[in-house]
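# Tertiary structure, described
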Amino acid sequence: MSTAPAREPIAVIGAGYVGLVSAAGFAELGSEVWCVDIDAAKIERLRAGEVPIHEPGLGELLARSAGAVHFSSELDGALAHARLLFVAVGTPSTYSGDADLSAVHAVVEAIPPSEEHALVMKSTVPCGTGASLQRSFREQGKEGLGYVSCPEFLREGSAVHDFMHPDRVIVGLEDGWAGEAVVELYAPLGAPIVRTDIASAEMVKLASNAFLATKISFINEIANVCEQTGADVIEVARGMGLDPRIGPLFLQAGIGYGGSCFPKDVDALKQLAGNSGYHFQLLTAVIEVNELQKRRVIAKLHKHLGGLAGQRVALLGLAFKPDTDDMREASSLVLAARLNADGARVSAYDPVAEEQARALVSGIDFAGSALEAARGADAVVLVTEWPEFLALDWAQVAERMRGDLVIDGRNALDPEVVRAAGLTYEGVGRAGEARSGQPSPGSRVIGGTG
Ligand code: NAD
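Residues numbered from 1 in each chain as written. Predicted model: local features only at pLDDT ≥ 70, side-chain atom pairs only at ≥ 80, totals over all residues. Heavy atoms only, no water.

## So, the pairing of strand β12 (residues 379-382)
The criterion, for reference: Buried means the residue's accessible area, taken with a 1.4 Å probe over protein chains only, is under 20% of the maximum for its type, while exposed means over 50%, and partly exposed covers the values in between. Every helix listed is a DSSP run of H or I at least four residues long, and every strand listed is a run of E at least two residues long, numbered separately from the N terminus. Strands are treated as partners if at least two bridges between them are detected by DSSP.
Of the two faces of β12, the one carrying A379 and V381 and the one carrying V380 and L382 are both buried. As paired strands, β12 and strand β13 (residues 405-408) are joined by 4 bridges and run parallel to one another. From the neighbouring strand, V380 faces β13, where its bridge partner is V406.

And the structure:
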């Protein structure tokens, strides 16, 4: 393996959202890929041609590259055939808010000493992880291993597209063959490639996610002030977004960000700063605003319905965003738990996330459709803006409901269409929900109900 073939074969360790999409994507670009996961059941399903996650286009991509992606729960084949070992294992939060790097460490432990292999870190890790892993390479007699930081920016729901059309590729590298080999792999995608040092590459990822989360918490706070003052956050965001210094993306007010990345990456950056002696005040606020934002729905339900005991609330959507079955840190989890605690009965429907949701939350009556979830409901809450909910026949929803309240947690519905069905509409920060200068009674309790 001392000379690289025309198209570098690679290994991907961790067959989750990032690993599977990367494996299929690199195969599409012409590499032979060895994809390894410790979850033997997942590997069996993949070998049988099943795709264990919901990600649009991934099934087709994997099917196209069938012969080029080899799945295994053992590292041997990967080590024998590939020099570059892309690491895409999970790095969830620990109780302290730091990133849990145990899966990354397990991978490092499992790789034998070698002059011919390099780890390419796709997993999101705190700044300084590369340096500390290289120290452990030396302690474990594995100083010959190369190391490259190549953080991933794909988004669930559009991961295949994002892999094939990245805005930028960040490659944190040192002297040696591995960094340039990674650059070569990404070159056909035509994206700007930022070659930088390892620590800066690690920080680009954390800072990018923290900035986007800040933008979301910012517009959510603007929405909350809109509710107090009679302005409409959609109009405000439209006007703001036309300023190229601000831009229109990530200016949609709603019930808070969730998912497997933003919450944990913002926490990890806050902890990283704290551990190194700096109090990252802004991120503390971003996190708190997000937590309170999820709970504002409860305050709105109280405002309209009074007490929630015995009331039926239907949640439309459970996944943290449309086009994914990922339930990690989904706002629906907080909502369902708060509703249960207040004695409400909760029904819910999600087009793909029911199985994942069942494993995480109790006290939900799962329905087979949005209309079924709405049956007998006093209130319907749009939690995830799946396209099928935007096309709902609200007259049919109204027929099935006991009450008439619709809370649009994503500002995704047309208020006039909902109102035309005889329903009461309330979005997030939208005009007409509070009288100018007169805070509504419900908005006064917001934040205090969590
Ligand atoms: P995931 O939980 O979907 O997948 C991780 C996979 O790694 C699992 O299948 C697990 O079984 C496997 N694994 C764990 N330990 C292993 C080991 N020792 N050897 C082999 N396999 C092992 O995670 P994900 O969402 O794909 O995220 C992976 C990393 O990428 C995380 O650090 C995440 O922060 C980062 N990231 C995720 C996204 C995203 O949208 N999901 C985007 C950018 C970056």
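After presenting the structure, the write-up continues.
## Regarding the domain arrangement of the protein
Test applied: Each domain span listed reflects an automatic or database assignment of domains. The criterion used for residue contact is that any of the two residues' heavy atoms lie within 4.5 Å. Simply put, the buried area is the total loss of 1.4 Å probe accessible area from both parts when two parts are fitted together. Throughout this description, the term salt bridge denotes a Lys or Arg side-chain nitrogen within 4 Å of a carboxyl oxygen of Asp or Glu.
For the protein, the assigned domains read domain 1 (10-196) and domain 2 (208-443). For domain 1 versus domain 2, the separation of C-alpha centres amounts to 33 Å. Contact residues are listed per partner, giving 20 residues for domain 1 and 20 residues for domain 2. Summed over both sides, the interface of domain 1 with domain 2 buries roughly 1400 Å², with 46% coming from carbon and sulfur. Considering only the side of domain 1, the residues that lose the most area to domain 2 are Y17, H54 and E156, jointly responsible for 37% of the buried surface there. For the pair domain 1 and domain 2, the number of links is 1 salt bridge.

## Focus on helix α9 (residues 198-229)
We count it as follows: What a helix is expected to span follows from its residue count: subtract one and scale by 1.5 Å. We define a polar contact as two N or O atoms separated by no more than 3.5 Å, with the added condition that, inside protein, one atom must be a possible hydrogen donor and the other a possible acceptor, whereas residues neighbouring each other in sequence contribute only through side-chain atom pairs.
Look at α9: 47 Å from first C-alpha to last across 32 residues, which is about the 46 Å you get at 1.5 Å a residue. Its side-chain oxygen at 3.3 Å from the backbone nitrogen of A199, D197 defines the N-terminal cap of α9. Positioned one or two residues after α9, G230 has a phi angle of 90°, which is positive.

## Details of the sheet that holds β13
Through backbone hydrogen bonds, the strands of a sheet pair up, either in parallel or in antiparallel fashion. The condition that has to hold: Only the stretch in contact is used when a helix axis is fitted, and all axes are lines through C-alpha atoms; the angle between N-to-C directions ranges over 0 to 180 degrees.
One open sheet holds the 6 strands; their spatial order is β11-β10-β9-β12-β13-β14, and the pairing between them is parallel. Edge strands, defined here as strands with exactly one partner in the open sheet, are β11 (364-366) and β14 (424-426). Taking the axes of each pair of neighbouring strands and ignoring which way they run, one obtains an average angle of 25° across the sheet. In terms of strand pairing, β13 meets β14 through 3 bridges, oriented parallel.

## Re the packing of α9 against helix α10 (residues 233-241)
What counts here: For classification, angles of less than 35 degrees are called roughly parallel, those exceeding 145 degrees roughly antiparallel, those between 65 and 115 degrees roughly perpendicular, and all remaining angles oblique. Crossings are classed by handedness, with left-handed meaning an anticlockwise turn of the near helix from the far one by less than a right angle and right-handed meaning a clockwise turn. Each residue receives one of three labels: charged for Asp, Glu, Lys and Arg, nonpolar for Ala, Val, Leu, Ile, Met, Phe, Trp, Tyr, Cys and Pro, and polar for the others, Gly being one of them.
Two elements in contact, α9 and α10, have axes separated by 9 Å at closest approach and are oriented at 135°. As far as their axial angle goes, α10 and α9 are oblique. Handedness of the α9/α10 crossing: right-handed. Residues F218, I219, I222, A223 and C226 of α9 pack against V233, V236, A237 and M240 of α10. Here the residues of the contact of α9 with α10 are counted per class, giving 9 nonpolar, no polar and no charged.

## Some points on the confidence of the model for the protein
In plain terms, the rule: Per-residue confidence from the predictor is given as pLDDT, running between 0 and 100.
Scored by pLDDT, the protein comes out at a mean of 93, with 94% of its residues at no less than 70. pLDDT under 50 marks residues 434-450. Its contacts with residues more than four places away, or in other chains, come to 24 contacts.

## Re the layout of surface pockets
Let me state the cut-off plainly: Here a cavity denotes grid points, spaced 1 Å and computed from the protein atoms alone, that fit a 1.4 Å probe unable to get out, and a pocket denotes an open set having protein on both sides within 12 Å along at least 5 of 7 lines; residues with an atom within 4 Å of a point are the lining. Grid points are joined across faces, edges and corners, and a volume is the space filled by probe spheres set on the points.
Of the volumes computed, that of the second largest pocket is approximately 350 Å³. In this structure, the second largest pocket is lined by 17 residues; those nearest its centre are I13, I38, V89, A103 and V107. Of all the elements, helix α5 (residues 102-110) adds the most residues to the lining of the second largest pocket, at 5 residues. Partitioned by chemical class, the residues of the lining of the second largest pocket number 10 nonpolar, 4 polar and 3 charged.

## Things to note about the environment of E55
Inspection of the secondary structure puts E55 in the loop between α2 (40-47) and α3 (58-64). Between the C-alpha atom of E55 and that of D323, which follows or precedes it by 268 residues, the distance is 6.8 Å. Discounting residues that sit within four places of it in the chain, E55 has contacts with Y17, V21, R155, E156, G157, S158, A159 and V160.

## Examining the pattern of salt bridges
With the rule as written, the count across this model stands at 24 salt bridges. Between R295 and E291 there is a salt bridge, with the nearest N and O atoms lying 3.2 Å from each other. Of this pair, R295 and E291 both sit in helix α12 (residues 281-305), 4 residues apart, roughly one helical turn. Judged by relative accessible area, R295 falls into the buried class, the value being 18%. Judged by its relative accessible area of 30%, E291 falls in the partly exposed class. Beyond isolated ion pairs, a larger network of salt bridges with shared partners links E156, D326 and R328.

## Examining the packing of α9 against helix α11 (residues 262-275)
Where α9 contacts α11, the axes come no closer than 9 Å and their chain directions differ by 115°. Looking at the two axes, α9 sits roughly perpendicular to α11. At the point where α9 passes α11, the crossing takes the left-handed sense. When α9 is examined against α11, the residues M203, K205, L206, A207, N209, A210, L212, A213 and I216 are found in contact with a partner set consisting of F262, D265, V266, L269 and L272.

## Some details on the nonpolar core
Counted only if it meets this: For our purposes a nonpolar core is just a set of buried Ala, Val, Leu, Ile, Met, Phe, Trp, Tyr and Cys residues, chained together by side-chain atoms within 4.5 Å.
Membership of the largest hydrophobic core comes to 43 residues, with the highest contact counts inside it found for L84, F86 and Y186. The biggest single contributor to this core is helix α1 (residues 17-28), with 7 residues. Dropping the residues within four chain positions of it, F86 is found in contact with I10, A11, V12, I13, F26, V120, K122, L185 and Y186. One finds V297, L339, V361 and I407 within the second-largest nonpolar core, a separate group that totals 28 residues.

## Notes on unusual backbone geometry
A negative phi angle characterises most non-glycine residues, just as the trans form characterises most peptide bonds. Although it is not a glycine, E329 sits at a positive phi angle of roughly 55°. Examined against the element boundaries, E329 turns out to sit in the loop between β9 (312-316) and α13 (331-341).

## A short note on the site of the ligand
Convention followed: The cutoff for a nearby residue is simple: one of its non-hydrogen atoms must lie within 4 Å of the molecule or strand. Computed with the Shrake-Rupley method and a 1.4 Å probe, the accessible areas treat only the protein chains shown as cover for residues.
Near the ligand lie 27 residues; those nearest to it are D37, K42, T91, E156 and K264. Here E156 contributes a side-chain N or O atom positioned 2.7 Å from a nitrogen atom of the ligand. Expressed as a share of its isolated accessible area of 830 Å², the protein-covered part of the ligand is 87%. Taken together, the elements giving at least two residues each to the shell around the ligand come down to α1 and α5. Of all the elements, α5 adds the most residues to the shell around the ligand, at 3 residues. Class assignment of the residues belonging to the shell around the ligand gives a composition of 12 nonpolar, 7 polar and 8 charged.

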